[in-house]
Amino acid sequence: MTPTAPDARVRLDTHPTHDSAVVATVTGPEAQEAVAALEADAWHVIAKDALVLVRIDREEPYWAQKAAQGLTADGITVEISPRLREAMAEEWTWANYPMPWCTRAEIREVSDQAQQIYDAIRHGRLRVHAHAHDGYTTVAVGTYPDGESLHLHGEDHLRVESYTYGSAEGAQEEAITDFLRLYGDAVHPGPAPLTHTEREADQTREPLPAQPPNAPARPVNVPVYAAYPADPATVLEQFLAGNSSWEKHHQRPGEATYALHESLALRVELYHHPDAGPRDELWTVAAYESPVGDRLWHATATAGTPAGIIMTLLKSLDDDHDWGSTTWAVSTAPPDRKAVLPLADYSWEKTTTESGPVWTSPDERCRLQHDRHATWTASGGYEPHHPNWTVQLSQHAPPEVIQQLVFELAEGQGPRQPGTPRDPRSPAPCPAPATGPPTSGSHALTPRGR
C-alpha cells in the first residue's frame, strides 16, 4: 500500500533581515512531519510553525530549493515566494575566490564542507583545542568524538581540514604538539572568536521580531559603499542636530544650504539640484587657514553617495580623537600611506597604476585611489566597475579625515538599493595551507555527516 502523504504545507520565503537566509512557515494537521524533515536538513526552529535556514556560505537559496524538492517528493505541498524563486535562479560567484580553478559546483562543494565543519563545532561534535592566526587567516587544532584529530585552515566558507592525524592512541597529543610547533606564540587556547559571518548567523537563528500585518520588510544591510544614496537634507539636519558648534545658513533661496563651524574656518555646502543624477556633485566641504584666509583643503561628494559615508566625512571635521597615538600614526610608513594601513585588515587589494596606488574592496565594488597630485578619490556602488558615487579629497586633506573614511568604507553597513540583487559577502584571501606539516598527516577535504 502506498503511504499517505503528510497533510502539511510549507511556504518558503526570504528572511526579512538576513540577505540570503530562508524562512519556512509550516502549517497543517501533520506539520510536525515537515518540521522534522527540515530539521534533518539543518533548518533551525525559530517558532512553533517557523524554521530558518542560515549558512556561512550564503548558499541558502540553493539548499532551500533542494529541501523543497525533497518535501515535494514526500507529497508535502511547497510554496515558494517570487523573491526566493528569483534568488534560486540567480547565478553568482565569490569575488577574488582563492581557488579560481574550481568550477561553480566545486566551489559549492568546498563551501558545504566548510559548513559541515562549522556545524560540527557549533553543535559540539568537533572540539577545538587551540587556534592561531598564521598571518593570513585563522588556523586551529581539534578532535572529533570518534577520536580523529586534525588541523583546520581558514574561516567561514573557506575553512578546510588541512591535516588529519587519525584516531590512534596519541594522535590528539601529536596534533596539538605539531600545532604548537608550527604557530608558537601565536597559539591561543580554545576556539577562535566568532567571525562577523558567524555572529550574523547566530542572530538570524533568533526568533523573528513581531511585525504588524502587511508591514514592509526591514531593510537588508550591505557594505556601505553599495548602500542606498543619502537623503542630503536629512543627513545635514542630523549632523547639525548632533554638533552644536555648527550653524546652518542659506545662500540664495533654493540654491544651496551651508553650515559654518563656530571657528568660521570650516564650511559645508549642500547644493540643491532637483534633477541631479547620482554622479553630480552636491556636497562641498572646505577648511580655511582663518575666517578670511586661504583655503587649505576641500572635499566633494556626489548625489549618489550613501549616508554613512557622507556622515562620516562631516563628523570627521569636528573630531577630537588623539590620532597621534594610533599604531598607524606612529608607524614607519610614509605619511601619505598611514591613513590606509587598516585596509589590509579587511582584505582590500592594493595595486599600483600609472596614476598612483589603488585599493579595491574584496567584492570589487569600491575603490580608493591616491594619485600623483596627492588627491584621494573613493568611488563605489552596487555593481562592480560601475561606480555611482564619488568622494574626492584634495591635496593636504588631513590623514585623520581619510582614516575615518577608510574605516567607514571597510566596515560600514547601510540599507541595500531597492531592486538590486543580493550581495554575497566577499571572502578574505585564504591561501593554501603551508607545506611542511608532519609526514604522518595528510591533506584532506573529506565531507562529514552533519
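Residues numbered from 1 in each chain as written. Predicted model: local features only at pLDDT ≥ 70, side-chain atom pairs only at ≥ 80, totals over all residues. Heavy atoms only, no water.

Student: Would you mind going over the packing of aromatic side chains with me for this structure?
Tutor: Where two aromatic rings form a pair, the distance of their centres and the angle of their planes describe that pair. Counted according to the given criterion, the structure contains five aromatic pairs. Between Phe179 and Tyr183 the ring centres are 4.8 Å apart and the planes differ by 55°, which places this aromatic pair in the tilted class. Taken together, the residues span about one helical turn, with Phe179 and Tyr183 both in helix α5 (residues 171-183) at a distance of four residues. Look at Tyr183 and you get partly exposed, because its relative accessible area is 23%. Taking 6.1 Å as the distance between ring centres and 25° as the angle between the ring planes, the aromatic pair formed by Trp359 and Trp376 counts as stacked. Of this pair, Trp359 sits in strand β18 (residues 356-360) while Trp376 is found in strand β20 (residues 376-380), placing the two residues 17 residues apart along the sequence. (Phe/Tyr/Trp six-rings, centres within 6.5 Å; stacked < 30°, edge-to-face > 60°. Helix = DSSP H or I, 4+ residues; strand = E, 2+ residues; numbered from the N terminus. Buried < 20%, exposed > 50% of the residue type's maximum accessible area, 1.4 Å probe, protein only.)

Student: Sorry if this is basic, but what is going on with the sheet that holds strand β5 (residues 77-80) here?
Tutor: Strand pairs in the sheet, formed through backbone hydrogen bonds, run parallel or antiparallel to each other. As summarised here, the arrangement of the five strands in space is β3-β4-β2-β1-β5, forming an open sheet in which the pairing is mixed. Two strands close off the open sheet at either side, each with one partner strand: β3 (44-47) and β5. Pairwise comparison of adjacent strand axes, ignoring direction, gives a mean angle of 25° for this sheet. In this structure, strand β2 (residues 22-27) lies alongside strand β4 (residues 50-53), joined through four bridges in antiparallel fashion. Bridging across to β4, Thr25 finds its partner in Ala50. Relative to the sheet, helix α3 (residues 82-89) contacts β1 (9-14), β2 and β5, its axis offset from that of β1 by approximately 70°. (Pairing = 2+ DSSP bridges. Axes fitted to C-alpha atoms, helices over the stretch in contact; angles between N-to-C directions. Contact = heavy atoms within 4.5 Å.)

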